[in-house]
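Analysis of the macromolecular model
For reference, the chains in residue letters:
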Amino acid sequence: MKMAALSSSSGSSNVPLDDEYDDIERETTSASTEDADDEQPPERSQVVKKARLRRASFSAAVAEPAWNKIRGRNDGSDARLAGPDGRVGGRQMLKDGTEFFLTLLSESLDGSKVFVAGSVLSLSAWSVLCALFTGWLAELANDGVSWAERWLEHIQECGSAIGLLGTLFVFTLVFRSNQCYDRWCQTHLHWGDMISKCLDLAIMNRRWVAHPALGDKLSRWIIVYAYASKALLRGSSLGATDDVDGPGLVDRGILSREELDALCDSPCWQPYFAIEMIRAVLVEAHKVPGGRGITFDETNKTHGQVFRCFDGVIKEMTALVGGNIRTRSSGLPSSYDLITIMSFYIFFGLASFVWSAGVGWMTPVIVATASFLTVLLIVMGSNLVDPFGLDKVDIPMEEFCETIEAQVHAIDERSRSGRYR
């Protein structure tokens, strides 16, 4: 019922319906707009005027959005990333690898203080006990106790075994860290492709969709697609109680209240709802004859190929949402964490015992330092497993969505100006 309402209601939508827009075009072909309205019956004249007002209000909101006056004319990298309120985003972008590493290190420590401190302190305490034990054995060996000498010899001979165990542990740690970073990096690549495909679709829309109302509607749903993807990957949805993007889209004229309600009431994932609406707009545009829906009329050989171009981009947008959903839902196998943590404690537990026979009281210093650095690598990897959160090292989905919105508006504005045809 909600889906039907999106295409049948004329009172709450920001864009006039197709039959209303066609009526407006037919009316404007007469001598003048006002004269044509005067000749219409009063009821009919009111309907046409309301449709024009809705059309004009949406065009004004999109062609010259308020935030466009704030950010200027794309005179710098910040302007190209500016969002609806003129800012680049909710978080400062990390500029280089050093800043990213320091931020990741800081956030990893803040979120895992108990685990880091507990691990380092427990292993340090164990190394102290090992140093005490081997020191006691050394004193007995100096006094001529044969079994103490044999114990020390056997402990020192375990150095090669500890080296092999350390190699296996390092391999486990590196493998897990690579998996964590690959998830983070793959998500960045997916969102980069999403930006590219959204802008590609927006450009094709303004060049190949001749129907102004349908073109506006398609641009709006491209923007909704980005924000719906962000909400889904955050485990939320547009219109949820804690969501600000849904009401913001309504306030900026990108969604009507009716469209947002239909989006919230639909049981499907919201990005796929937006893709379905994009497809519906394109199907509707192909039904408009005479080159008024698609730039090329039915007699042109490229008319049918245009739909294939649109469909190819939309399929890739669908696949990118699926790739992000797979990354978010799959996570790392629990066995990775279990094996890594077990290897960590086993290695340093046995290594403390073997090292103490050779370096004595330097063992606690070495173990504390090495275990601290190792546990940092573990928690830093864990911090990259879920790249869709709100941490500074997570992907800046707010900035990406604002980039898509800003650039779609710029494409629409450039098309309306007619200066680059």
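Cut-offs and rules
- Residues numbered from 1 in each chain as written.
- Predicted model: local features only at pLDDT ≥ 70, side-chain atom pairs only at ≥ 80, totals over all residues.
- Heavy atoms only, no water.
- Helix = DSSP H or I, 4+ residues; strand = E, 2+ residues; numbered from the N terminus.
- Buried < 20%, exposed > 50% of the residue type's maximum accessible area, 1.4 Å probe, protein only.
- Contact = heavy atoms within 4.5 Å.
- Areas by Shrake-Rupley, 256 points an atom, 1.4 Å probe, with all protein chains shown as cover.
- Axes fitted to C-alpha atoms, helices over the stretch in contact; angles between N-to-C directions.
- Parallel < 35°, antiparallel > 145°, perpendicular 65-115°, else oblique.
- Left-handed = near helix turned anticlockwise from the far one by under 90°.
- Nonpolar A, V, L, I, M, F, W, Y, C, P; charged D, E, K, R; others polar.
- Expected span 1.5 Å × (residues − 1).
- Core = buried A, V, L, I, M, F, W, Y, C linked by side-chain atoms within 4.5 Å.
- Patch = residues over 30% accessible without salt bridge, like charges linked within 9 Å, V, L, I, M, F, W, Y side chains within 5 Å.
- Salt bridge = Lys/Arg side-chain N within 4 Å of Asp/Glu carboxyl O.
- pLDDT = per-residue confidence, 0-100.

Observations concerning the overall build of the protein
Looking only at helices and strands, one finds 18 helices and zero strands in the protein. The buried share among the 421 residues of the protein stands at 46%. Long-range pairs, those at least 24 residues apart, make up 76% of the contacts in the protein between residues at least 6 apart in sequence. A total of about 21,000 Å² of accessible surface is found on the protein, and carbon and sulfur atoms cover 60% of it.

Quick word on the environment of Met342
In this structure, Met342 sits in helix α16 (residues 334–359). Between the C-alpha atoms of Met342 and Phe169, which are 173 residues apart in sequence, the distance is 9.4 Å.

Some points on the packing of helix α11 (residues 212–233) against helix α14 (residues 270–287)
Where α11 contacts α14, the axes come no closer than 7 Å and their chain directions differ by 165°. Compared by their axis directions, α11 and α14 come out roughly antiparallel. Seen along the crossing, α11 lies across α14 with a hand that is left-handed. Where α11 approaches α14, its residues Leu214, Lys217, Leu218, Trp221, Ile222, Val224, Tyr225, Ala228, Ser229 and Leu232 are matched on the opposing element by Gln270, Pro271, Phe273, Ala274, Ile275, Met277, Ile278, Val281, Leu282, Glu284 and Ala285. Partitioned by chemical class, the residues of the contact of α11 with α14 number 17 nonpolar, two polar and two charged.

Comments concerning α11
The first and last C-alpha atoms of α11 sit 32 Å apart over 22 residues, in line with the 32 Å expected at 1.5 Å per residue. Burial runs high along α11: 21 of the 22 residues are buried. Positive backbone phi, at 75°, marks Gly235, one or two positions downstream of α11.

Structural notes on the nonpolar core
Ranked by internal contacts, the top residues of the largest apolar core, which has 56 residues, are Trp191, Leu201, Trp221, Val224, Leu238 and Ile278. Of all the secondary structure elements, the ones that give two or more residues to this core are α10 (159–208), α11, α12 (245–251), α13 (257–265), α14, α15 (303–330) and α18 (397–417). A per-element tally of this core places α11 first, with 13 residues. The residues contacting Val224, other than those within four sequence positions of it, are Leu238, Leu249, Ile254, Leu255, Leu263 and Ala274.

Re the environment of Val359
Tracing the sequence through the fold places Val359 in helix α16. Separated by 228 residues in the primary sequence, Val359 and Ala131 have C-alpha atoms spaced 8.6 Å apart.

Structural notes on a nonpolar patch on the surface
Residues Trp126, Leu129, Leu132 and Trp361 make up a contiguous nonpolar surface patch of about 450 Å² in total accessible area. By the secondary structure assignment, Trp361 is in the loop between α16 and α17 (363–385).

Topic: the environment of Gly381
Relative to the helices and strands, Gly381 resides in helix α17. By relative accessible area, Gly381 is classed as buried at 5%. For the pair formed by Gly381 and Asn178, sequence separation is 203 residues and the distance between their alpha carbons is 8.3 Å. Every residue in contact with Gly381, bar those within four places of it in the chain, is listed here: Arg176 and Cys180.

A word on the packing of α11 against α18
In the contact formed by α11 and α18, the axes pass within 9 Å of each other and the chain directions differ by 175°. Our classification of the angle between α11 and α18 gives roughly antiparallel. Along the contact surface, α11 presents Asp216, Ser219, Ile222, Ile223, Ala226, Tyr227, Lys230 and Leu233, while α18 presents Met397, Glu398, Cys401, Glu402, Ile404, Glu405, Val408, His409, Asp412 and Arg416. A breakdown of the residues in the contact of α11 with α18 according to their chemical character gives nine nonpolar, two polar and seven charged.

Describing the pattern of salt bridges
Enumeration according to the criterion identifies 11 salt bridges in this entry. For Lys315, the salt bridge goes to Asp311, with nearest N and O atoms at 3.4 Å. Taken together, the residues Lys315 and Asp311, both in helix α15 and four residues apart, mark about one turn of the helix. Here the salt bridges share partners, and the residues they tie into one network are Arg206, Asp216, Asp412 and Arg416.

With respect to the confidence of the model for the protein
Mean pLDDT over the protein stands at 77; residues scoring 70 or higher make up 75%. Highest mean pLDDT in the protein belongs to α11 (92); lowest belongs to helix α5 (residues 66–71) (33). A low-confidence stretch, residues 50–92 stays under pLDDT 50, and its non-local contacts, those more than four residues away or across chains, total 85 contacts.

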